[in-house]
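Spelled out from the first residue to the last, the chains are:
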Amino acid sequence: MLTVDFSRFPLAPGDRVLDLGCGAGRHAFECYRRGAHVVALDQNGEEIREVAKWFAAMKEAGEAPAGATATAMEGDALALPFPDESFDVVIISEVMEHIPDDKGVLAEMVRVLKPGGRIAITVPRYGPEKVCWALSDAYHEVEGGHIRIYKADELLAKIREAGLRPYGTHHAHALHSPYWWLKCAFGVDNDKALPVRAYHKLLVWDIMKKPLATRVAEQALNPLIGKSFVAYATKPHLPKLAETDGAAAK
């Protein structure tokens with residue numbers, strides 16, 4: 001289940017991609033399938049080991065084109081172990097709402113991104129997330145849980161302040177919002193409640209079968225109750241004048 005829409009976020013074979021806070025690796029796997037040189041980074045060592053196993057399995061099964069590479073590694077989003085301008089593409093999906101110093105994370109992403117490179121950022125959407133917080137304290141008051149809810153304008157302002165240029169936004173996963181509202185209402189750890197179990201079966205069916213009815217429904221509902229807000233941005237090239245001035249100063 002991808003949150004980033006690769007029709008709006010073009011990826012070319014050979015692009016160097018950083019999936020920051022990769023979690024279980026869903027976006028990293030898709031980038032690998034598309035022929036990129038992928039680095040999946042997360043602070044959770046257990047998840048990184050699983051991602052590494054899946055990368056190896058994909059290579060063995062021939063799921064990635066020749067020339068594509070994939071690496072899984074532990075790391076700190078606030079101190080990325082890469083030189084400046086290392087990546088063509090950076091993806092950070094459902095991560096920034098967990099990190100107190102979100103401006104620091106943005107600064108690190110901008111540092112390692114090449115001029116002209118692209119960033120995709122996804123966070124929980126304000127409206128559906130507010131409902132979850134209102135229904136359940138346990139939903140967010142856990143170690144490593146969500147510490148903030150972004151309004152779209154707030155996130156876009158931070159993206160611009162970091163020196164990036166947003167070029168598109170959308171919402172995703174509308175069918176998942178009611179599931180989380182049910183989870184929050186019946187207890188986030190209570191998977192036995194009938195409404196929760198029934199809705200979970202619907203989501204699994206949707207993910208596995210991708211029936212036209214649910215695809216059309218989600219597309220229609222995304223602008224209203226999409227669970228995630230997705231923003232795309234580019235890192236501007238240094239103006240020619242500034243480059244000349246910098247060279248002269250040396």
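Scope of this entry: the structure provided in the associated data block. Every value quoted in this text rests on a predicted model; they were computed, and no experiment measured them. (Residues numbered from 1 in each chain as written. Predicted model: local features only at pLDDT ≥ 70, side-chain atom pairs only at ≥ 80, totals over all residues. Heavy atoms only, no water.)

1. A short note on helix α8 (residues 212-225)
For clarity, the threshold we go by: By the criteria applied, helices consist of DSSP H or I runs no shorter than four residues and strands consist of E runs no shorter than two, each listed in order from the N terminus. A helix is expected to span 1.5 Å for every residue after the first. To get the bend at a residue, fit one axis to the 7 residues ending there and another to the 7 starting there, then take the angle between the axes. Working definition: with a 1.4 Å probe on protein chains only, accessible area under 20% of the residue-type maximum means buried, over 50% means exposed, and in between means partly exposed. In this description, contact between two residues means that some pair of their heavy atoms is separated by no more than 4.5 Å.
Helix length check: α8 (14 residues) gives 19 Å between terminal C-alpha atoms against 20 Å at 1.5 Å per residue, within 8%. Taking the largest bend as the criterion, α8 deviates by roughly 30 degrees, centred on glutamine 219, and proline proline 223 comes between one and four positions later. For α8, the full list of buried residues reads Thr214, Glu218 and Asn222. For α8, the elements touching its buried residues are β6 (165-172), α6 (176-186) and α7 (194-209).

2. What to know about helix α5 (residues 152-161)
In plain terms, the rule: Along the arc lie the directions from the helix axis toward the C-beta atoms.
Considered for burial, the residues of α5 that qualify are Leu155, Leu156, Lys158 and Ile159. Seen from one end, α5 has its buried residues packed into an arc of 160 degrees, which puts them on one side. Exposed and oriented more than 90 degrees from the buried face of α5 are Asp153 and Glu161. Of the surrounding elements, those touching the buried residues of α5 are α3 (102-112), β5 (113-124), β6 and β7 (228-234).

3. Considering the pattern of salt bridges
Rules: Here a salt bridge means any side-chain nitrogen of Lys or Arg lying within 4 Å of a carboxyl oxygen belonging to Asp or Glu.
Summed over all chains, the structure comprises 17 salt bridges. For arginine 111, the salt bridge identified is with glutamate 108, shortest N-O distance 2.7 Å. One end of the pair is arginine 111 and the other is glutamate 108, both in helix α3 and 3 residues apart, which spans about a single turn. A salt bridge links glutamate 154 to lysine 158, with the shortest nitrogen-to-oxygen separation between them at 3.7 Å. Pair noted here: glutamate 154 and lysine 158 are both in helix α5, with a separation of 4 residues, about one helical turn. We classify lysine 158 as buried; its relative accessible area is 15%. One continuous salt-bridge network, built from bridges that share partners, spans Glu30, Arg33, Arg34 and Glu63.

4. So, the packing of aromatic side chains
Heads up, the condition is: The rule is short: rings of Phe, Tyr and Trp, with Trp giving its six-membered ring, pair when the centres are within 6.5 Å, and they are stacked under 30 degrees, edge-to-face over 60, tilted in between. Charge-over-ring placement is defined geometrically: NZ (Lys) or CZ (Arg) within 6 Å of the ring centre, and within 35 degrees of the ring normal.
For the structure on display, the rule yields 9 aromatic pairs. Here the aromatic rings of phenylalanine 9 and tyrosine 232 are separated by 5.5 Å at their centres, their planes lie at 25 degrees, and the arrangement is stacked. Here phenylalanine 9, found in the segment before β1 (16-20), pairs with tyrosine 232, found in strand β7; they are 223 residues apart in sequence, far enough to count as distant. You'll find phenylalanine 9 and tyrosine 232 in the same group, each marked buried. Ring plane angle 75 degrees and centroid distance 5.6 Å describe the contact between tyrosine 179 and tryptophan 180, whose orientation is recorded as edge-to-face. Note on tyrosine 179: relative accessible area 10%, which makes it buried. Among the residues examined, tryptophan 180 registers a relative accessible area of 30% and is labelled partly exposed. Ring pairing ties together the aromatic residues Phe6, Phe9, Tyr167 and Tyr232, which thus form one cluster. Taking NZ or CZ as reference, lysine 151 lies 5.3 Å from the ring centre of tyrosine 126, over its face.

5. Considering the side chain of glutamate 129
Under the convention used in this document: N or O atoms within 3.5 Å of each other form a polar contact, as long as, within protein, one can give a hydrogen and the other can take it, and as long as residues adjacent in sequence are counted only when both atoms are side-chain atoms.
With respect to the element layout, glutamate 129 can be found in helix α4 (residues 126-135). With a relative accessible area of 1%, glutamate 129 lands in the buried category. Side-chain polar atoms of glutamate 129 contact the side chain of tyrosine 139, separated by 2.8 Å. Once residues within four sequence positions are removed from consideration, glutamate 129 is found in contact with Pro124, Tyr139, His146, Ile149 and Lys227.

6. As for the packing of α3 against α5
Our working rule: What counts as an axis is a line fitted to C-alpha atoms, over the stretch in contact for a helix, and the angles between N-to-C directions run from 0 to 180 degrees. Roughly parallel means an angle under 35 degrees; roughly antiparallel means over 145; roughly perpendicular covers 65 to 115; every other angle is labelled oblique. For a crossing to be left-handed, the near helix must be turned anticlockwise from the far one by less than a right angle; the clockwise case is right-handed.
In contact at an axis separation of 10 Å, α3 and α5 are set at 45 degrees when each is read in the N-to-C sense. It follows from the interaxial angle that α3 and α5 lie oblique. In terms of crossing hand, the pair formed by α3 and α5 is right-handed. Where α3 approaches α5, its residues Asp102, Lys103 and Leu106 are matched on the opposing element by Lys158, Ile159 and Glu161.

Geometric values such as these leave the question of function open.
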